[in-house]
Amino acid sequence: MSASVFSPADLLLPKKDFESWSVIACDQYTSEPEYWETVRKTVGDKPSALQLILPEVYLSDDNTAAIDKINRQMAKDLEDGIFEEIDNALIYVERRQSDGKIRHGLVGKIDLAQYDFRKGATAAIRATEETVLERIPPRVKIRENAPLELPHVLLLADDPENMIFAALSAQKSTFRKVYDFDLMQNGGHITGYLLDDSAASTVLSAMDSLQTAQNGLLFCVGDGNHSLATAKTCYEQNPNEQNRYALVEVVNIHDAALEFEPIYRVVFGVDPEALINEFVAYCGADESGQQFTCVYGTTEKQICVSPKANLCVGTLQGFLDGYLKAHPECKIDYIHGIESTRKLCEKENTVGFIFDGMQKQELFPAVRADGSLPRKTFSMGHADDKRFYLEARKIR
């Protein structure tokens, strides 16, 4: 079964300068342009994935010129021969995170026909959070004419016996090492090993067994759901054999290095105290209810409210959705990390909400029961540990 869901891919890797090539996912540091300026200075004039992506911090109403430039650069990189081509490949990844822990992954491609981001889907690959449909068309414009894709999608497998990865770490010395370098900007270290045919067959058989044990559900999307939804939309609009697939990295949700972190909310252009009071009024104060730390300026205020949803994030997002609709002049951002949230909330007319997140063992049962969670419910690890762009694949 899973051989049709997840399979080896024809990959492209840069021939050199991995340190400047590999940059963090485009949906990180969306309110911190200084991060991306540092990346730009680090890259300099070397070939880099930075030139092939559009960081969301730079998204505007009209991205046509930026997208055209990206597509031309992709074509130039292909013409200049900067890539090594590795056919029919699965890459075993060991990512040393900023905390020193090793996260294990497997890079290959998925069949987008086996993925469904709609709530209540029964496909082998399902979204974990609500997909915001308005976010897809701008991303389609980025992908629809691009000759290459670079993935930052992480898929989660519910593999308590670690059937997928059990033997790979022990066997890695027998595999060809295809990259081994430090990631920029406190991103840790990454090493990739090309699986031989025997190991690849074992891994795919393990996925078959896992899918059977999980009653057809093989993967839940951990990071990059909107990118995957974009790939699915592009395939439906222009179905062909190349864009039927998308590159991903698979991670076991039970990996000891994988930690779920809440994604906090920061609202701009508001009177912080007025917004907080309206939130409390919306829910009702409840000393034994859900707890939030509200951050603005130099103030941190604790509030407790009656739950409107099982998770704190569901209660808060339900309120904010209505508030932002009624106050279109206000803006929201979704922030990884308490310190980043506090820093942003030093700005005038800005307030942030800090709260407890869900536990990772709650994810698969929740997806089976409810279909999906509120958008931006969780983040897998700290911002610096997000997936970096590295492998590429031709899609045209």
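In what follows, the accompanying structure is described.

Reading the values: the criteria
- Residues numbered from 1 in each chain as written.
- Predicted model: local features only at pLDDT ≥ 70, side-chain atom pairs only at ≥ 80, totals over all residues.
- Heavy atoms only, no water.
- Helix = DSSP H or I, 4+ residues; strand = E, 2+ residues; numbered from the N terminus.
- Buried < 20%, exposed > 50% of the residue type's maximum accessible area, 1.4 Å probe, protein only.
- Polar contact = N/O pair within 3.5 Å; in protein donor to acceptor, adjacent residues only side chain to side chain.
- Contact = heavy atoms within 4.5 Å.
- Axes fitted to C-alpha atoms, helices over the stretch in contact; angles between N-to-C directions.
- Left-handed = near helix turned anticlockwise from the far one by under 90°.
- Nonpolar A, V, L, I, M, F, W, Y, C, P; charged D, E, K, R; others polar.
- Pairing = 2+ DSSP bridges.
- Core = buried A, V, L, I, M, F, W, Y, C linked by side-chain atoms within 4.5 Å.
- Salt bridge = Lys/Arg side-chain N within 4 Å of Asp/Glu carboxyl O.
- Phe/Tyr/Trp six-rings, centres within 6.5 Å; stacked < 30°, edge-to-face > 60°.
- Lys, Arg positive; Asp, Glu negative; His and termini not counted.
- Disulfide = S-S within 2.5 Å.
- Arc of directions from axis to C-beta.
- Expected span 1.5 Å × (residues − 1).

## Comments concerning the side chain of Thr-293
Stage number 1. In this structure, Thr-293 sits in strand E15 (residues 285–296).
Stage number 2. Overall, Thr-293 belongs to the buried group, its relative accessible area being 15%.
Stage number 3. Side-chain polar atoms of Thr-293 contact the side chain of Gln-302, separated by 2.9 Å.
Stage number 4. Sequence-distant contacts of Thr-293, defined by excluding residues within four places in its chain, comprise Glu-300, Lys-301, Gln-302, Gly-352, Phe-353 and Ile-354.

## Describing the packing of helix H9 (residues 272–283) against helix H10 (residues 312–326)
Stage number 1. Remark: H9 packs on H10, axes separated minimally by 11 Å, with the N-to-C direction vectors making an angle of 115 degrees. For the crossing formed where H9 meets H10, the hand is right-handed. Every residue of H10 that contacts H9 at Leu-275, Glu-278, Phe-279, Tyr-282 and Cys-283 is listed here: Thr-315, Leu-316, Gly-318, Phe-319 and Tyr-323.
Stage number 2. When its residues are assigned to classes, the contact of H9 with H10 shows 7 nonpolar, 2 polar and 1 charged.

## Some remarks on the pairing of strand E2 (residues 9–14)
Stage number 1. Buried residues dominate E2, accounting for 5 of its 6 residues.
Stage number 2. Pairing geometry for E2 and strand E3 (residues 83–89), over 5 bridges, is antiparallel. By the bridge assignment, Leu-13 is partnered in E3 with Glu-84.

## A short note on the nonpolar core
Stage number 1. Counting residues in hydrophobic clusters, the biggest one holds 46 residues, and the most contacted among them are Val-23 and Tyr-179.
Stage number 2. Those elements giving two or more residues to this core turn out to be E2, helix H2 (18–21), helix H3 (33–43), helix H4 (64–80), E3, strand E4 (91–96), strand E10 (176–182) and strand E11 (189–194).
Stage number 3. Beyond its immediate stretch of four places on either side in the chain, Tyr-179 contacts Leu-13, Phe-18, Ile-91, Val-93, Ile-190, Thr-191, Gly-192, Leu-390 and Glu-391.
Stage number 4. Ranked by size, the runner-up nonpolar core spans 40 residues in total, among them Leu-106, Tyr-115, Phe-175 and Ala-229.

## A look at the pattern of salt bridges
Stage number 1. The final tally for this structure, using the stated rule, is 18 salt bridges.
Stage number 2. Glu-56 is the partner of Arg-139 in a salt bridge, and the nearest nitrogen-oxygen pair spans 2.9 Å. Within this pair, whereas Arg-139 is found in helix H5 (residues 136–143), its partner Glu-56 is found in the loop between H3 and H4, the two being separated by 83 residues in sequence.
Stage number 3. With relative accessibility at 13%, the residue Arg-139 sits in the buried group.
Stage number 4. Taking relative accessible area as the criterion, Glu-56 reaches 19% and is therefore assigned buried.
Stage number 5. With its nearest N and O atoms 3.3 Å apart, the salt bridge here joins Lys-177 to Asp-180.
Stage number 6. Using a relative accessible area of 46% as the deciding quantity, one classes Lys-177 as partly exposed.
Stage number 7. A single network of salt bridges, built from pairs that share partners, joins Glu-56, Arg-135 and Arg-139.

## Looking at the packing of aromatic side chains
Stage number 1. According to the stated counting rule, one finds 18 aromatic pairs in the structure shown.
Stage number 2. With a centroid separation of 6.1 Å and 70 degrees between ring planes, the pair formed by Phe-6 and Phe-219 is classed as edge-to-face. Of this pair, Phe-6 sits in strand E1 (residues 6–7) while Phe-219 sits in strand E12 (residues 219–223), and the two are 213 residues apart along the sequence. Both residues of the pair, Phe-6 and Phe-219, count as buried.

## Regarding the side chain of Arg-103
Stage number 1. The topology assignment puts Arg-103 in strand E5 (residues 102–111).
Stage number 2. In this structure, Arg-103 is buried with no salt-bridge partner, the nearest side chain bearing the opposite charge being Glu-249 at 4.9 Å.
Stage number 3. One polar contact links Arg-103 to Gln-97, side chain to side chain, over a distance of 3.2 Å.
Stage number 4. Residues contacting Arg-103, with those up to four places away along its chain left out, are Val-93, Glu-94, Arg-95, Gln-97, Leu-154, Val-251, Asp-255, Ala-257, Leu-258 and Asp-385.

## Describing the state of the cysteines
Stage number 1. Within this structure, the stated rule accounts for 0 disulfides.
Stage number 2. Cysteine Cys-345 is unpaired, with the sulfur of Cys-294 as its nearest cysteine sulfur at 9.8 Å.
Stage number 3. Judged by relative accessible area, Cys-345 falls into the buried class, the value being 0%.

## Concerning unusual backbone geometry
Stage number 1. Positioned with a positive phi, Asn-186 is a non-glycine residue whose angle comes to about 65 degrees.
Stage number 2. Examined against the element boundaries, Asn-186 turns out to sit in the loop between E10 and E11.
Stage number 3. Its relative accessible area of 52% is what places Asn-186 among the exposed residues.
Stage number 4. With phi around 55 degrees, Asn-215 is a residue other than glycine that occupies positive phi space.
Stage number 5. Among the structural elements, Asn-215 can be located in the loop between helix H7 (197–213) and E12.

## Some points on H5
The periodicity of an α-helix, 3.6 residues per turn, causes residues three or four places apart in sequence to face the same way.
Stage number 1. Burial in H5 covers these residues: Ile-136, Arg-139, Val-140 and Arg-143. Along the long axis of H5, the arc covered by the buried residues comes to 110 degrees, so they all point the same way.

## Topic: the pairing of E11
Stage number 1. Judged by how many residues are buried, E11 sits mostly within the fold: 6 of 6 residues are covered.
Stage number 2. Side chains His-189, Thr-191 and Tyr-193 of E11 all project onto a buried face; the interleaved residues Ile-190, Gly-192 and Leu-194 project onto the opposite face, where all are buried too.
Stage number 3. In this structure, E10 lies alongside E11, joined through 6 bridges in antiparallel fashion. Residue pairing across strands places Tyr-179 opposite Gly-192, the latter belonging to E11.

## What to know about H9
Stage number 1. In this model, H9 (12 residues) spans 17 Å end to end at C-alpha, consistent with the 16 Å of a helix rising 1.5 Å per residue.
Stage number 2. When H9 is considered as a whole, its buried residues turn out to be Pro-272, Leu-275, Ile-276, Phe-279, Val-280 and Cys-283. Taken end-on, H9 shows its buried residues confined to a sector of 135 degrees, consistent with a single buried face.
Stage number 3. Next to the buried residues of H9 lie strand E14 (260–268), E15, strand E16 (299–305), H10 and strand E18 (350–354).
Stage number 4. Between the side-chain oxygen of the N-cap and the backbone nitrogen of Glu-273 there are 3.2 Å, and the N-cap of H9 in question is Asp-271.
Stage number 5. Just downstream of H9, Gly-284 is the residue with a positive phi angle, here 95 degrees.

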